[in-house]
Amino acid sequence: MDRRLWHKVAALSGVAALGLGSYGAHGFKPKNPSYKEVWHTASLYHLVHTAALLAAPITSRPNIFGGLLTTGIVAFSGTCYAVAYLEDRTYSRLAPIGGFAFIGAWASLLF
């Protein structure tokens, strides 16, 4: 697989992270204000791990690192966005899987 693919994935994820972060900061008005913080957490993890995706091509296992980061972004941040937007924590089941994917991605740099 072409290592530069991860730059394209990072670009798409970055566009989404900035768009969703902007919406969360300026347009998202939940009935329960605590969901604003959930959205903020999703945005923070989304943006930080998107920036890390830029390094995927220079890692020893770019597909493992990039794949796990992408899985983490979708599972953790995506779940948090859904929970905040719907104001319903029953949708939070995938968040721990995303968290473990993030941990796995960072741990993959050890090998």
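These numbers were taken from a predicted model, which means no experiment stands behind them.

Colleague: Account for helix α3 (residues 62-86), with residues named and values stated.
Modeller: The end-to-end C-alpha separation of α3 is 34 Å, in line with the 36 Å expected for 25 residues at 1.5 Å each. Looking one or two residues past α3, Glu87 carries a phi angle of roughly 55 degrees, positive in sign.

Colleague: Break down the packing of aromatic side chains for me, citing the residues and quoting the values.
Modeller: Considering all chains together, one arrives at eight aromatic pairs under this definition. Geometrically, the ring pair formed by Phe65 and Trp106 is edge-to-face, given 5.8 Å between the ring centres and 80 degrees between the ring planes. Highlighted residues: Phe65 in helix α3 and Trp106 in helix α4 (residues 95-108), separated in sequence by 41 residues. Judged by its relative accessible area of 2%, Phe65 is buried. By way of ring pairs, the aromatic residues Tyr23, Phe28, Trp39 and Tyr81 are connected into one cluster.

Colleague: Can you tell me about the packing of helix α2 (residues 34-53) against α3, naming the residues and giving the values?
Modeller: Contact pair α2 / α3: the axes reach a minimum separation of 8 Å and the direction vectors enclose 165 degrees. Of the possible angle classes, the one that applies to α2 and α3 is roughly antiparallel. Remark: the crossing between α2 and α3 carries left-handed chirality. Contacts between α2 and α3 involve Tyr35, Val38, Trp39, Thr41, Ala42, Ser43, Tyr45, His46, His49, Thr50, Ala52 and Leu53 on the former and, on the latter, Phe65, Gly66, Leu69, Thr70, Ile73, Phe76, Ser77, Cys80, Tyr81, Val83, Ala84 and Tyr85.

Colleague: How would you explain a nonpolar patch on the surface if you had to name every residue and give the values?
Modeller: Taken together, the side chains of Tyr23, Tyr85, Leu86 and Tyr91 make up a nonpolar region of the molecular surface, amounting to roughly 440 Å² of accessible area. Looking at where Tyr91 falls in the secondary structure, it is placed in the loop between α3 and α4.

Colleague: Pulling in residues and values, what's your account of the environment of Ala10?
Modeller: Its location among the elements puts Ala10 in helix α1 (residues 5-26). With relative accessibility at 4%, the residue Ala10 sits in the buried group. The spatial distance from the C-alpha of Ala10 to the C-alpha of Ala55 is 9.5 Å, given a sequence separation of 45 residues. Once residues lying within four places of it in the same chain are set aside, the contact partners of Ala10 are Thr50, Leu53 and Leu54.

Colleague: Would you mind going over unusual backbone geometry in detail, with residue names and values included?
Modeller: Even without a glycine there, the phi angle at Glu87 is positive, about 55 degrees. Among the structural elements, Glu87 can be located in the loop between α3 and α4.

Parameters and conventions
- Residues numbered from 1 in each chain as written.
- Predicted model: local features only at pLDDT ≥ 70, side-chain atom pairs only at ≥ 80, totals over all residues.
- Heavy atoms only, no water.
- Helix = DSSP H or I, 4+ residues; strand = E, 2+ residues; numbered from the N terminus.
- Expected span 1.5 Å × (residues − 1).
- Phe/Tyr/Trp six-rings, centres within 6.5 Å; stacked < 30°, edge-to-face > 60°.
- Buried < 20%, exposed > 50% of the residue type's maximum accessible area, 1.4 Å probe, protein only.
- Axes fitted to C-alpha atoms, helices over the stretch in contact; angles between N-to-C directions.
- Parallel < 35°, antiparallel > 145°, perpendicular 65-115°, else oblique.
- Left-handed = near helix turned anticlockwise from the far one by under 90°.
- Contact = heavy atoms within 4.5 Å.
- Patch = residues over 30% accessible without salt bridge, like charges linked within 9 Å, V, L, I, M, F, W, Y side chains within 5 Å.
- Areas by Shrake-Rupley, 256 points an atom, 1.4 Å probe, with all protein chains shown as cover.
- Salt bridge = Lys/Arg side-chain N within 4 Å of Asp/Glu carboxyl O.

Coordinates in, geometry out; function isn't part of it.
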